[in-house]
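Observations on the three-dimensional arrangement
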Amino acid sequence: MKADVLVIGAGAAGMMAAGTAGENGADVILLERNERPGRKVMITGKGRCNVSNNCKDIQSLISNVPTNGRFLYGAFNGWMPSDTVDFFESRGVLLKVERGNRIFPVSDKAVDIVDCLHSYADKYAKFVQGRATELIIKDGAVKGVKLTDGSVINADKVIIATGGKSYPQTGSTGDGYSLAQQAGHTVIDPVPSLVPLEAHEGYCSQLMGLSLRNISIRVMDTEKNKKVYEDFGEMLFTHFGVSGPCILSASAHMRDMKKGKYEIYIDLKPALTEEQLDTRILRDFSENTNKNFINALDALLPKKLVPVIVKLSHIPMATKVNQITREQRAGLVKLLKNLKVTVTGFRPIDEAIVTSGGVSTKEISPSTMESKLVSGLYFAGEVIDVDAYTGGFNLQIAFSTGRLAGLNCI
């Protein structure tokens, strides 16, 4: 087989790159190891696909990319979220903007996004199922790849868009890293990003399945006694610790992870000051004056959380609320505004939404996505050492880098 351009990986970046190159006149082969393309896109946003973020300027986009954000200036400049919206809506997939400027398909179905990308790539590229194991490089230029079955695909240009190492069941097993290393590229060791967190506190497993909305969190680096992140929104308790949108975003700020380095403080009532919360508790107590403490918090907290808060407050559960002292009540207020979770580590990388790490940005041209080491070799998407917060930013990176690589490999 031979093509002008070979794209390895039919995810968001790969399908965008293949369609772009083909639409602009190149003969393109899109190589995918899975039977169906876009398997990882199918599970993003809990199957709803948070396709982008409604940012209006490049600086806002870059500020949401903690790892090598400025490297993406050229890619974002050429393909903004508004271009992503136009791309899908012009092809019949209507989009909507939700809280946090997150963009979703109106249908709430990721399959609509995948089908649209697949249709675009299929129109301009030839799909081939297979797995690349080796780059063919001669005289400092890429010439194609060898596949696991021993066959060869010859190509003047090769775009590696194989993703990272998160969700390996979707095909993201790090193949692109080994291909890049064959070309002499430095690969920053991949670590989980946007990943659930394991915690020391046993009460997390007691609260498994409890989702908290409209809470705020504050993440502290205990070694530096410094706040590294804060957020407002939703979180979830699990058998191992904590998860949910706020937690996943917080994980992107945790570097050099070690047990006890990070502590998360949850404000269960962020809309109330400590004084206002104390007034609220006094009102609840006055309405339940003869009740035991354990039975007087139902209006304030989710039922599952009540026994945990009672235990952590050190107020005996059978204490009548009219006997609770001002000092005990002040301690309860502090607890509700600062429920502590001690992070012991990340969940495994195969549970991460994205990976931090990948092909060093120092060895890729930011204006073209071409390798600085091997002529004709390009990179797009998560295989590059860039990662962003939750909210549609990582898919926007895939689309922007895929588009840029596709345009420049013609």
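Residues numbered from 1 in each chain as written. Predicted model: local features only at pLDDT ≥ 70, side-chain atom pairs only at ≥ 80, totals over all residues. Heavy atoms only, no water.

A look at the overall build of the chain
Within the chain, the secondary structure is distributed over 13 helices and 18 strands. Taking all 410 residues of the chain together, 56% fall into the buried category. Considering only intrachain contacts with a sequence separation of at least 6, the fraction spanning at least 24 residues in the chain is 72%. Taken as two groups, the 48 positive and 44 negative side-chain charges of the chain have centres that lie 4 Å from each other. (Helix = DSSP H or I, 4+ residues; strand = E, 2+ residues; numbered from the N terminus. Buried < 20%, exposed > 50% of the residue type's maximum accessible area, 1.4 Å probe, protein only. Contact = heavy atoms within 4.5 Å. Lys, Arg positive; Asp, Glu negative; His and termini not counted. Charge placed at Lys NZ, Arg CZ, Asp CG, Glu CD.)

Observations concerning the packing of helix 11 (residues 306–313) against helix 12 (residues 326–337)
Helices that pack against each other are described as a pair by the angle of their axes relative to one another and the distance between those axes. Where helix 11 meets helix 12, the closest approach of the two axes is 10 Å, and the angle between their N-to-C directions is 125°. When the axis of helix 11 is compared with that of helix 12, the two are oblique. Here helix 11 runs over helix 12; the crossing is right-handed. Where helix 11 approaches helix 12, its residues Ile309, Leu312 and Ser313 are matched on the opposing element by Leu332, Leu335 and Leu336. Taken together, the residues of the contact of helix 11 with helix 12 sort by class into five nonpolar, one polar and no charged. (Axes fitted to C-alpha atoms, helices over the stretch in contact; angles between N-to-C directions. Parallel < 35°, antiparallel > 145°, perpendicular 65-115°, else oblique. Left-handed = near helix turned anticlockwise from the far one by under 90°. Nonpolar A, V, L, I, M, F, W, Y, C, P; charged D, E, K, R; others polar.)

Quick notes on the sheet that holds strand 4 (residues 95–98)
Read across the open sheet, the three strands follow the order 3-5-4; overall the sheet is antiparallel. Looking at the sheet topology across the chains shown, the edges are occupied by strand 3 (52–53) and strand 4. As paired elements, strand 3 and strand 5 (residues 102–105) share two bridges and run antiparallel to each other. Pairing of Ser52 across the sheet is with Ile103, part of strand 5. (Pairing = 2+ DSSP bridges.)

Description of the side chain of Asp267
Among the structural elements, Asp267 can be located in strand 15 (residues 262–267). Among the polar contacts listed, one links the side chain of Asp267 to the side chain of Lys337, at a separation of 3.0 Å. For Asp267, the residues in contact, after removing those within four places along its chain, are Ile215, Ser216, Leu336 and Lys337. (Polar contact = N/O pair within 3.5 Å; in protein donor to acceptor, adjacent residues only side chain to side chain.)

A short note on the packing of aromatic side chains
On inspection of all chains with the given rule, the structure shows eight aromatic pairs. Ring centres of Phe87 and Tyr120 lie 5.0 Å apart, and the angle between their planes is 85°; on these two criteria the pair is classed as edge-to-face. Placement of Phe87 in helix 5 (residues 81–89) and of Tyr120 in helix 6 (residues 110–124) is noted, with a sequence separation of 33 residues between them. On the basis of relative accessibility, which here comes to 4%, the residue Phe87 falls in the buried class. Look at Tyr120 and you get buried, because its relative accessible area is 3%. For the pair Phe285 and Phe293, a centre-to-centre distance of 6.3 Å together with 85° between the ring planes defines the contact as edge-to-face. Accessibility assignment for this pair places Phe285 and Phe293 in one class, buried. The rings of Trp79, Phe87, Phe88, Tyr120, Tyr124 and Phe399 are connected pair by pair, giving a single aromatic cluster. (Phe/Tyr/Trp six-rings, centres within 6.5 Å; stacked < 30°, edge-to-face > 60°.)

What to know about the sheet that holds strand 11 (residues 197–199)
The sheet built from six strands closes into a barrel, its strands ordered 11-14-13-12-15-16 with antiparallel pairing. Between one strand axis and the next, the sheet turns by 45° as a mean value, whatever way the strands run. Bridge analysis of strand 12 (residues 211–221) against strand 13 (residues 226–237) gives nine bridges, and the strand direction is antiparallel. For Met220, the partnering residue across the bridge sits in strand 13 and is Lys227. Against the sheet, helix 12 touches strand 15 and strand 16 (339–346), its axis set at about 115° to strand 15.

Let's talk about helix 12
Under the 1.5 Å per step criterion, the end-to-end length of helix 12 is 17 Å for twelve residues, consistent within 8% with the ideal 16 Å. Turning to helix 12, its buried residues are Arg329, Leu332, Val333, Leu335, Leu336 and Lys337. Turning to helix 12, the residues buried within the fold contact strand 15, helix 10 (274–287), helix 11 and strand 16. (Expected span 1.5 Å × (residues − 1).)

Some details on the pattern of salt bridges
Evaluation of the coordinates by the stated rule reveals 17 salt bridges. In this structure, Asp108 and Lys96 form a salt bridge, with 2.9 Å as the shortest nitrogen-oxygen distance. A residue pair is termed long-range when its members are at least 10 positions apart, and Asp108 in the loop between strand 5 and helix 6 and Lys96 in strand 4 qualify at twelve residues. Residue Asp108 is classed as partly exposed on the basis of its relative accessible area, which comes to 29%. Note that Arg347 is salt-bridged to Glu351, the shortest N-O span being 3.1 Å. (Salt bridge = Lys/Arg side-chain N within 4 Å of Asp/Glu carboxyl O.)

Re unusual backbone geometry
One non-glycine residue with positive phi stands out, namely Leu194, at about 55°. Position of Leu194 among the secondary structure elements: in the loop between strand 10 (187–193) and strand 11. Although it is not a glycine, Asp256 adopts a positive phi angle of roughly 50°. On the secondary structure map, Asp256 appears in the loop between helix 9 (245–251) and strand 15.

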